[in-house]
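# Overview (structure and organization)
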Amino acid sequence: MQSIIDYIELNRKQYPDHIAIKDKNRELTWNELVLLANTIASRLPHRVDRVGIIMNHSVEMIASILAVLKKGAGYVPVEPFFPKERIYYMMEESQADVIIANSQYQNLTHKDTVIVDEGFMIEDKEVMNESTSQSEVYVLYTSGTTGTPKGISVAHHNVIHYSQAFANEFNLTLDDVMLQYSVCSFDIFVEEVFASLINGITLAILDEDHKDVAHTMKFVEKHHITIMSGFPYLIQEINELDELPSSLRLLISGGDVLRGSYCDHLVDKVTVYNTYGPTETTVCATYYNCSKGEVL
């Protein structure tokens, strides 16, 4: 396979009517997801290298990302709640050609903007895939704690290799459902989205307040989610619950230190992994199965 889009198209061919992605408003089959991405791609300029994404997390956001990849371009993700000065800096420094945004965010930059809102209509369009294994997938910006934020560029072959390693380590099957919980500016988002879509498993986008772990667990139960990734403090909150959703089989922690006290009640109930890797290594460089180790 040459690019991420090739894997998406293969899933469309093999599982056209299976649910690929869902959020609080909408669920799409693999065929519908590709058609929505094509519809959005047809709205983009003929030649683009980088496209900013300023959107609420939704089916339409993921389809917009795939639309950018179809054009052979890379996406630059921005959360709408970022300070306007940071958004402006990221779009300028990355030399984004155009922005895809929800209409409520179209004035956050001075760039030309393609509006994609929830419920964006699917048209029966086919758009040629212009991406290759060497094409850029995204530019993620560091937190800026050591100075001016720097953008890290990652190519298709890196994301594909990581997603294949993920599938091998965690024994993915078509029955798995991944929760999309993370903000788009962290590596965890890359893991959630591409490890799902490349491997043909369903992605379910959390609908409301990320700070309410009880609400999150109800969402997990309702949508039969089997895999969650998050920061150690999310794992710690789940560790304090009396009961877990019956579908949940795997919790992946990353981004900070996972202490034994954060997962000591979980390791015998579900498989818990601690992972680590800077953005430059494409999400994670190390995995550790805490459920096979000792709690320290």
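Report on the accompanying structure. All values derive from a computational prediction rather than experimental measurement. Just so you know, the residues in each chain are numbered from 1, in the order the chain's sequence is written. Given that the model is predicted, a residue must reach a pLDDT of at least 70 before its local features are reported, and side-chain atom pairs must reach 80 or more before they are shown or counted; all residues, however, enter totals for whole chains, interfaces and linings. Just so you know, side-chain values use all the structure's heavy atoms and leave hydrogens and water out.

A word on the overall build of the protein. Helix and strand definitions here come from DSSP, where helices need a minimum of 4 consecutive H or I residues and strands a minimum of 2 consecutive E residues; each element is numbered from the N-terminal end. Across its full length, the protein holds 8 helices and 14 strands. Here the C-alpha radius of gyration of the protein, 18 Å, is about what a compact globule of 296 residues would show, namely 19 Å. The principal-axis extent of the C-alpha atoms belonging to the protein is close to 55 × 45 × 35 Å. Here the protein, with 296 residues, has 55% of them falling under the buried criterion. Note that the radius of gyration is over C-alpha atoms, with the globule rule given as 2.2 Å times the number of residues to the power 0.38. Burial classes follow relative accessibility: with a 1.4 Å probe on protein chains only, a residue under 20% of its type's maximum area counts as buried, one over 50% as exposed, and anything between as partly exposed.

Within the largest apolar cluster, 65 residues are counted, with the highest numbers of intra-cluster contacts made by Ile-4, Ile-21, Leu-33, Tyr-75, Ile-100 and Phe-194. No other element matches the 9 residues that helix 3 (residues 59–70) contributes to this core. Listed in part, the 25 residues of the second largest apolar core include Leu-179, Ala-204, Leu-206 and Leu-244. The term nonpolar core refers to a set of buried residues drawn from Ala, Val, Leu, Ile, Met, Phe, Trp, Tyr and Cys, joined through side-chain atoms within 4.5 Å.

Patch definition: residues with relative accessible area over 30% and no salt bridge; like charges joined within 9 Å; nonpolar side chains (Val, Leu, Ile, Met, Phe, Trp, Tyr) joined within 5 Å. Surface accessibility in these figures is a Shrake-Rupley result with a 1.4 Å probe; residues are shielded only by whichever protein chains are displayed. In what follows, salt bridge is the name for a side-chain nitrogen of Lys or Arg lying within 4 Å of a carboxyl oxygen of Asp or Glu. Together, Phe-186, Phe-231 and Tyr-233 give the surface a local cluster of nonpolar side chains, amounting to about 290 Å² of exposed area. Tracing the backbone shows Phe-231 in the loop between strand 11 (227–230) and helix 8 (232–239). For Phe-231, a relative accessible area of 32% translates into the label partly exposed.

Looking now at the side chain of Ser-133. Along the chain, Ser-133 falls in the loop between strand 6 (113–115) and strand 7 (136–141). Residues contacting Ser-133, with those up to four places away along its chain left out, are Gln-2, Ala-155, His-156 and His-157. Contacts were defined at the residue level, with two residues in contact if any of their heavy atoms lie within 4.5 Å.

In this analysis a 1.4 Å probe is tested at points of a 1 Å grid over the protein atoms alone, and where it fits but cannot get out there is a cavity; an open set with protein on both sides within 12 Å along at least five of seven lines is a pocket; lining residues have an atom within 4 Å of a point. Grid points are joined across faces, edges and corners, and a volume is the space filled by probe spheres set on the points. Tallied over the full model, the rule gives 1 cavity of 30 Å³ or more. In this model, the largest cavity occupies a volume close to 40 Å³. Taken together, Ile-5, Ile-8, Glu-9, Val-34, Ala-37, Leu-66 and Lys-70 make up the lining of the largest cavity. For the lining of the largest cavity, the secondary-structure elements that each account for two or more residues are helix 1 (4–14), helix 2 (30–41) and helix 3. Of the residues forming the lining of the largest cavity, the biggest block, 3 residues, is contributed by helix 1. The residue classification treats Ala, Val, Leu, Ile, Met, Phe, Trp, Tyr, Cys and Pro as nonpolar and Asp, Glu, Lys and Arg as charged. All others, Gly included, are polar. Of the residues that constitute the lining of the largest cavity, the class distribution is 5 nonpolar, no polar and 2 charged.

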